[in-house]
Amino acid sequence: METLKARLAVAEQREEAVRMVLRALITSLRPFGFNRQRFLRCVREEGQDTPSEGPVSVRHTVLHQEARRVLRESR
């Protein structure tokens, strides 16, 4: 039962990290394109506000992976 709760907590934090990246992306959209610097600044700020311990710390990995994906696809 505890293992299931731990997995659920990690899954919820991964989902929240993806939402953070989506918010950063939406914030970075401009009428004439995508502002990479603003996107990176938003993601960095989210990472700085994320604790380094516990199930919440998984956000760091997801923020990094998803931000790289957005930047790779925006070329």
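Anything mentioned here points back to the structure above.
A brief look at the structure comes next.

Once that is clear, we can look at the nonpolar core. Within soluble globular proteins, side chains that are nonpolar generally end up buried alongside one another. Judged by nonpolar contacts, Ala17, Met20, Val21, Ala24, Phe39, Cys42, Val43, Val62, Leu63, Ala67, Val70 and Leu71 together constitute the single largest core of 12 residues. Elements with a contribution of two residues or more to this core: α1 (2–28), α2 (36–48) and α3 (58–73). Here this core gets five residues from one element, more than from any other, and that element is α3. Non-local contacts of valine 43, meaning those with residues more than four positions away in its chain, are made with Ala24, Leu63 and Ala67.

With that out of the way, let us pick up the packing of α1 against α3. How two helices pack is summed up by the angle between their axes together with the distance between the axes. At a minimum axis separation of 9 Å, α1 and α3 run at an interaxial angle of 40°. By the angle between their directions, the pair α1 and α3 is classed as oblique. Two packed elements cross with a definite hand, and for α1 against α3 that hand is right-handed. Contacts from Val10, Gln13, Arg14, Glu16, Ala17, Val18, Met20, Val21 and Leu25 in α1 reach Val58, Arg59, Val62, Leu63, Gln65, Glu66, Ala67 and Val70 in α3. Across the contact of α1 with α3, the residue classes tally to 11 nonpolar, two polar and four charged.

To continue, consider α2. With 13 residues, α2 extends 18 Å from end C-alpha to end C-alpha; this agrees with the ideal 18 Å at 1.5 Å per step. Residues of α2 that are buried include every one of Phe39, Cys42, Val43 and Gly47, and no others. The buried residues of α2 occupy one face: seen down the axis, they fall within an arc of 140°. Exposed and facing more than 90 degrees away from the buried side of α2 are Gln37, Arg44 and Gln48. Buried residues belonging to α2 abut α1, β2 (33–34) and α3. The N-terminus of α2 is capped by asparagine 35, whose side-chain oxygen sits 3.2 Å from the backbone nitrogen of glutamine 37.

Right, let's get into a positive patch on the surface. On the surface, a cluster of positive charge is made up of Arg36, Arg68, Arg72 and Arg75. Structurally, the position occupied by arginine 75 is in the segment after α3. Judged by relative accessible area, which is 79%, arginine 75 ranks as exposed.

To continue, consider α1. Taking 1.5 Å of rise per residue, 27 residues should cover 39 Å, and α1 covers 39 Å from first to last C-alpha, within 8% of that figure. Among the residues of α1, Gln13, Glu16, Ala17, Met20, Val21, Ala24 and Ser28 are the ones counted as buried.

Calculation criteria
Residues numbered from 1 in each chain as written. Predicted model: local features only at pLDDT ≥ 70, side-chain atom pairs only at ≥ 80, totals over all residues. Heavy atoms only, no water. Core = buried A, V, L, I, M, F, W, Y, C linked by side-chain atoms within 4.5 Å. Buried < 20%, exposed > 50% of the residue type's maximum accessible area, 1.4 Å probe, protein only. Helix = DSSP H or I, 4+ residues; strand = E, 2+ residues; numbered from the N terminus. Contact = heavy atoms within 4.5 Å. Axes fitted to C-alpha atoms, helices over the stretch in contact; angles between N-to-C directions. Parallel < 35°, antiparallel > 145°, perpendicular 65-115°, else oblique. Left-handed = near helix turned anticlockwise from the far one by under 90°. Nonpolar A, V, L, I, M, F, W, Y, C, P; charged D, E, K, R; others polar. Expected span 1.5 Å × (residues − 1). Arc of directions from axis to C-beta. Polar contact = N/O pair within 3.5 Å; in protein donor to acceptor, adjacent residues only side chain to side chain. Patch = residues over 30% accessible without salt bridge, like charges linked within 9 Å, V, L, I, M, F, W, Y side chains within 5 Å. Areas by Shrake-Rupley, 256 points an atom, 1.4 Å probe, with all protein chains shown as cover. Salt bridge = Lys/Arg side-chain N within 4 Å of Asp/Glu carboxyl O. Lys, Arg positive; Asp, Glu negative; His and termini not counted. Charge placed at Lys NZ, Arg CZ, Asp CG, Glu CD.

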